[in-house]
Amino acid sequence: MPLNPIAFADDLTALLDGRNGYPKTTAEAAQAWAALYRRYAADARAGATAPLPDPLVAAEAGLVDRLAQAFAAAHGGAVAGLAADLDAAFVAFWSRPPVGFAFPGPPAVAGVVTVAPAGVLGNALAGVLAAGVAARRTAAAQAQALVGAIDGWTRTVTVVNTPPGPSAPVFLT
């Protein structure tokens, strides 16, 4: 199954509208966001390969820490700062350390994330966050806009799979 931004947006809407209760702390909010993104990322495909579960769990743990720092720093309301911190957090999810991919075969194929572009997502999120505040968007509208930016960026993450054939970067789908 490829990336599913619709399910991701539905889950994020539930978080933003408090349907199941609001997180009580920035740490709880970070945990909730990271879990949503990991579930979404688990469906990624790079050609025949899919992300390995253990590296995704490790990436989620790192994302929790980075999101908690970003959310805590955002209390001043600086949209640009928050967007830049979110950009760094999502880049790190895929690249620190790089998430591994695999296909059991035959033939067996292994892959690894080689590019998670920095500085791209932050610009998109800054616009989404500023527009959401200015327009007083509903939770559903803001979730859709946030997921649109995150999904668009996630699809620019590239993986190199080896073998078979020449190793060429593959975008996530």
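So, a few notes on the structure that sits alongside this text. Given the structure is predicted, the values throughout are model-derived calculations rather than measurements.

### A look at the overall build of the protein
- A count of helical and extended segments in the protein gives 6 helices and 5 strands.
- Listed by position from the N terminus, the elements making up the protein come as α-α-β-α-α-β-β-α-α-β-β.
- Expected size for 173 residues packed as a compact globule is a radius of gyration near 16 Å; at 16 Å, the protein falls within 12% of this value.
- Expressed along its principal axes, the backbone C-alpha trace of the protein runs to roughly 50 × 30 × 25 Å.

### Describing the pattern of salt bridges
- The full count for this structure, using the stated rule, is 3 salt bridges.
- In this structure, the salt-bridge partner of R155 is D151, at a minimum N-O distance of 3.0 Å.

### Re the pairing of strand β3 (residues 109-115)
- One ladder, built from 4 bridges, connects strand β2 (residues 100-103) with β3; its direction is antiparallel. Bridging from a neighbouring strand, G100 pairs with V112 of β3.
- Hairpin connection of β2 to β3: 5 residues between the antiparallel strands, including G105 at a positive phi of 90 degrees.

### With respect to the packing of aromatic side chains
- Applying the stated criterion to the full structure yields 9 aromatic pairs.
- With a centroid separation of 4.7 Å and 25 degrees between ring planes, the pair formed by F8 and Y40 is classed as stacked. Of this pair, F8 sits in helix α1 (residues 5-16) while Y40 sits in helix α2 (residues 26-41), and the two are 32 residues apart along the sequence.
- Ring geometry for Y37 versus Y40: centroids 5.5 Å apart, planes at 45 degrees, classification tilted. Residue Y37 and its partner Y40 are both found in helix α2; the two are separated by 3 residues, about one turn of the helix. When sorted by exposure, Y37 lands in the same class as Y40, which is buried.

### Remarks on the sheet that holds strand β1 (residues 50-51)
- Spatially, the 5 strands line up as an open sheet ordered β1-β2-β3-β4-β5, and their pairing is antiparallel. The sheet terminates laterally at β1 and β5 (169-171), the two strands that pair on one side only.
- Pairing of strand β4 (residues 158-162) with β5, which is carried by 3 bridges, proceeds in the antiparallel orientation. Bridge pairing in β5 places V160 opposite P169.

### With respect to the environment of A140
- Its place among the elements puts A140 in helix α6 (residues 139-154).
- With 11 residues separating them along the chain, A140 and D151 place their C-alpha atoms 16 Å apart.

### Regarding helix α3 (residues 53-73)
- In this model α3 runs 30 Å from its N-terminal to its C-terminal C-alpha over 21 residues, within 8% of the 30 Å that 1.5 Å per residue would give.
- For α3, the elements touching its buried residues are α2, β1 and α4 (79-95).

### With respect to the environment of A168
- Within the secondary structure layout, A168 lies in the loop between β4 and β5.
- Here A168 falls in the partly exposed class, since its relative accessible area comes to 43%.
- Put simply, A168 and A118 are 50 residues apart on the chain and 21 Å apart in space, counted from C-alpha to C-alpha.
- Setting aside residues up to four positions removed in sequence, A168 forms contacts with V159 and V160.

So, how was this worked out
- Residues numbered from 1 in each chain as written.
- Predicted model: local features only at pLDDT ≥ 70, side-chain atom pairs only at ≥ 80, totals over all residues.
- Heavy atoms only, no water.
- Helix = DSSP H or I, 4+ residues; strand = E, 2+ residues; numbered from the N terminus.
- Rg over C-alpha atoms; globule rule 2.2 N^0.38 Å.
- Salt bridge = Lys/Arg side-chain N within 4 Å of Asp/Glu carboxyl O.
- Pairing = 2+ DSSP bridges.
- Phe/Tyr/Trp six-rings, centres within 6.5 Å; stacked < 30°, edge-to-face > 60°.
- Buried < 20%, exposed > 50% of the residue type's maximum accessible area, 1.4 Å probe, protein only.
- Expected span 1.5 Å × (residues − 1).
- Contact = heavy atoms within 4.5 Å.

Nothing here speaks to function; it is geometry throughout.
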